[in-house]
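Inside the fold
Spelled out from the first residue to the last, the chains are:
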Amino acid sequence: MEENKNLPQNEDLNEILRVRREKLAALNEAGQNPFWEVRFDRTHLSSQILADFEALEGREVAVAGRILSRRLMGKASFCHILDGAGQIQLYVRSDEEGVDYQAFKDLDIGDIVGAEGFVFKTRTGEVSVHVRRLKLLSKSLLPLPEKFHGLKDNDTRFRQRYVDLIANPEVKATFEMRSKIITAIRDCLNQKGFIEVETPILGTLAGGAAARPFITHHNTLDIDMYLRIAPELYLKRLIVGGFEKVYELGRMFRNEGMDIKHNPEFTMFELYQAYADYRDIMKLVEDLFDYLCEKVVGSYDITYQGTPVCLKPPFARLTMEEAVRTFAGLDFSALSAEQAEVALKEKGLEVEKGRSWGELLYLAFDQLVEDKLVQPTFVTDYPIEVSPLAKRKKSDPRLTERFEFFITGREFGNAYSELNDPIDQRERFVRQAALRAAGDEEAQMMDEDFVTALEYGMPPTGGLGIGVDRLVMLLTDSYSIREVILFPTMKPLKK
């Protein structure tokens, strides 16, 4: 059993555990083992009774939930139970024929009960259920966190999310919001004619993004395989095959560090639209945020960690060169690679010798600009060196038709006019493979089958990937990604 810092410790906890197990043993001896119960016919949730009291007053109802608090008195007692929709008070009398009053008094905080009775309002005005029959449905053998302060220790909260959800109602609300956001994403894309597909999670190559993959082994085939870092190359195969609007929403895996913005296992969605470019995808992103604000948030104006943010389209647009010039005071259009290297060193950045103009432009943006983009902003025209799957710009082959969009100083999505030239794609894969051979574990692998697919012909295509976890963080005002993933990756506790 893992230690819970919010529980009583040592002798106190041992005594609680002993008493609760003794109560369970007594129930077993009496033939009343609560774990034998298989169902309970519930008629109403707490929220339904509270919202519709006038219609339900005096009517029989059946409710069920976890005991959160009790007030034991002489001939009548109260308790509050928590169900999936909230809390409601139960009123229990000692003279009620269908209730074993002593058995009720022997219940513990955390026990799960089913109650049948009629709806009424107490003298203090609280909507309650007068219990006529009560059944113990499950015994809690561990105490819940301290009643008034709830569970606050983050390490315990994330390791024992089941306790966190009981102790902190706002946590459950965050994950209900997450579900609504994901549903709205699907609804918006489905309405636009996209179809949802599923592509492999296990593959013999890891591609579609710059990331270090997780490696596993397939015993029957006796080969190493990779958990996917992105679904991009499979989705674009589908565009080659004749699907014109596809998306996938699911889990990705990247063997990277963990911080408030990163978890090794995360959720994202990618979409691809034939006969579209990155400008069309910008409009789609704005439409998606418009839909989310209308259907889920209820407003364009939100606050994230104390900072006001307006999500009303249209969003600002800057090329990467314009962003660096505006926020870092560096005009890369007038700088050679050598001059840019000197300028960045003067800004205090560490620069490896021999970096290209495009690599230095991206370094300047990443280190000096990104965290300044608070309001929604599309940053376009990324250097080709950091965009191995994007189409070159006709007007400047050093750059690509790519954008990322930023809110609160964080990147939320990445999009391209997709590269569909198989000759160019092969050359870029070769360069990436050389970087990988030189020790860059995040460089792309050569994917011959994907090049073969492009050789059959892929129409001009726009693609987009958005991190769902960061989007949920934004719309729920959550500081850390661990707040929006039900079971985040955690370092195992020492035994």
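For the structure, check the block above.
Source: prediction; values computed, not measured.

**Here's the deal with the overall build of the chain**
The helix and strand tally for the chain stands at 15 helices and 18 strands. Evaluated residue by residue, the chain yields a buried proportion of 49% over its 495 residues. For the chain, contacts bridging at least 24 residues in sequence account for 65% of all contacts bridging at least 6. For the chain, the accessible area works out to roughly 24600 Å², and carbon and sulfur atoms hold 51% of it. Averaged over its 65 positive side-chain charges, the chain has a centre that lies 4 Å from the centre of its 80 negative ones.

**Digging into the environment of Glu54**
Relative to the assigned elements, Glu54 resides in helix α3 (residues 53-56). Accessibility expressed as a relative area gives 74% for Glu54, which makes it exposed. Spatially, the C-alpha atoms of Glu54 and Leu292 are 35 Å apart, while their sequence positions differ by 238 residues.

**Digging into the nonpolar core**
The biggest cluster of nonpolar side chains holds 45 residues, and the ones touching the most others in it are Ile185 and Phe269. At 11 residues, the largest contribution of residues to this core is made by helix α9 (residues 278-297). If near-sequence neighbours (up to four positions away) are discounted, Phe269 is found in contact with Ile185, Leu189, Glu248, Leu249, Leu288, Leu464, Gly465, Ile466 and Val468. Counting 24 residues, the second-largest nonpolar core is a separate cluster that includes Leu360, Leu368, Val369 and Val379.

**As for the sheet that holds strand β2 (residues 76-83)**
Taken in spatial order, the five strands of this closed barrel run β1-β2-β3-β5-β4, and their pairing is mixed. Averaged over all adjacent pairs, the angle separating strand axes in this sheet is 55°, with direction ignored. Strand direction decides the pairing type here: strand β1 (residues 60-71) and β2, joined by five bridges, are antiparallel. Each residue of the ladder has a partner; that of Arg66, found in β2, is Leu82.

**A look at α9**
Taking 1.5 Å of rise per residue, the 20 residues of α9 would be expected to cover 28 Å, and the 26 Å separating its terminal C-alpha atoms lies within 8% of that figure. Among all positions in α9, only Tyr278, Ile281, Met282, Leu284, Val285, Glu286, Leu288, Phe289, Tyr291, Leu292, Cys293 and Val296 are buried. Phi turns positive, to about 90°, at Gly298, one or two residues after α9.

**Some remarks on the pattern of salt bridges**
Where charged atoms from two side chains of opposite charge come close, those side chains can pair. Tallying each qualifying case throughout the model produces 42 salt bridges. For Arg161, the salt bridge is made with Asp164, and the minimal N-O distance between the two is 2.8 Å. Of this pair, Arg161 and Asp164 both sit in helix α6 (residues 161-167), separated by three residues, roughly a single helical turn. Taking the relative accessible area as the measure of exposure, Asp164 reaches 0% and is therefore buried. Ionic pairing is found between Lys345 and Glu341, a salt bridge with its closest N-O pair at 3.3 Å. Residue Lys345 and its partner Glu341 are both found in helix α11 (residues 337-346); the two are separated by four residues, about one turn of the helix. Residue Lys345 is classed as partly exposed on the basis of its relative accessible area, which comes to 46%. Glu341 sits in the buried class, given a relative accessible area of 10%. Taken together, the shared-partner salt bridges connect Arg20, Lys23, Asp108, Asp111 and Lys139 into one network.

**Brief notes about the sheet that holds strand β17 (residues 410-417)**
Reading across from one edge, β6-β10-β11-β18-β17-β16-β15-β14 is the order of the eight strands in this open sheet, with mixed pairing throughout. Each edge of the open sheet is held by one strand with a lone partner, namely β6 (195-196) and β14 (316-319). Pairing analysis gives four bridges linking β14 to strand β15 (residues 377-380), with the strands arranged parallel. Each bridged residue has a counterpart across the sheet, and for Ala316 the counterpart in β15 is Thr377.

**Some remarks on the environment of Ser46**
Tracing the sequence through the fold places Ser46 in helix α2 (residues 46-51). For Ser46, a relative accessible area of 1% gives the class buried. A C-alpha to C-alpha distance of 63 Å links Ser46 and Ser395, two positions 349 residues apart in sequence. Aside from chain neighbours lying at most four places away, what touches Ser46 is Asp83, Ala85, Gly86, Gln87 and Ile88.

**Points about the packing of aromatic side chains**
In the structure shown here, the tally under the stated rule is 15 aromatic pairs. Ring-pair connections join several aromatic residues into one group, and the members of that group are Phe289, Phe315, Phe378, Phe403, Phe405 and Phe412. We note Arg237 situated over the ring of Tyr234; from NZ or CZ to the ring centre the distance is 5.0 Å. The ring centre of Trp357 lies 3.7 Å from the NZ or CZ of Arg398, which sits over that ring.

**Section: the pairing of strand β12 (residues 301-304)**
The side-chain alternation of β12 yields one buried face, formed by Ile302 and Tyr304, and one unburied face, formed by Asp301 and Thr303. Judged from the four bridges that link them, β12 and strand β13 (residues 307-310) form a sheet pairing that is antiparallel. Each residue of the ladder has a partner; that of Tyr304, found in β13, is Thr307.

**Structural notes on the packing of helix α13 (residues 422-437) against helix α14 (residues 448-455)**
It is at 9 Å that the axes of α13 and α14 come closest, and there the two elements cross at 165°. Relative to α14, the element α13 is oriented roughly antiparallel. For the pair α13 and α14, the crossing hand works out as right-handed. When α13 is examined against α14, the residues Pro422, Gln425, Arg426 and Phe429 are found in contact with a partner set consisting of Glu448, Phe450, Val451, Leu454 and Glu455. Tallied by class, the residues present in the contact of α13 with α14 amount to five nonpolar, one polar and three charged.

**A word on the environment of Leu142**
Looking at where Leu142 falls in the secondary structure, it is placed in the loop between β5 (127-138) and α5 (154-159). Note on Leu142: relative accessible area 35%, which makes it partly exposed. The sequence separation of Leu142 and Gly114 amounts to 28 residues, and the corresponding C-alpha distance is 20 Å.

Quick notes on the rules
- Residues numbered from 1 in each chain as written.
- Predicted model: local features only at pLDDT ≥ 70, side-chain atom pairs only at ≥ 80, totals over all residues.
- Heavy atoms only, no water.
- Helix = DSSP H or I, 4+ residues; strand = E, 2+ residues; numbered from the N terminus.
- Buried < 20%, exposed > 50% of the residue type's maximum accessible area, 1.4 Å probe, protein only.
- Contact = heavy atoms within 4.5 Å.
- Areas by Shrake-Rupley, 256 points an atom, 1.4 Å probe, with all protein chains shown as cover.
- Lys, Arg positive; Asp, Glu negative; His and termini not counted.
- Charge placed at Lys NZ, Arg CZ, Asp CG, Glu CD.
- Core = buried A, V, L, I, M, F, W, Y, C linked by side-chain atoms within 4.5 Å.
- Pairing = 2+ DSSP bridges.
- Axes fitted to C-alpha atoms, helices over the stretch in contact; angles between N-to-C directions.
- Expected span 1.5 Å × (residues − 1).
- Salt bridge = Lys/Arg side-chain N within 4 Å of Asp/Glu carboxyl O.
- Phe/Tyr/Trp six-rings, centres within 6.5 Å; stacked < 30°, edge-to-face > 60°.
- Lys NZ or Arg CZ within 6 Å of the ring centre and 35° of its normal.
- Parallel < 35°, antiparallel > 145°, perpendicular 65-115°, else oblique.
- Left-handed = near helix turned anticlockwise from the far one by under 90°.
- Nonpolar A, V, L, I, M, F, W, Y, C, P; charged D, E, K, R; others polar.

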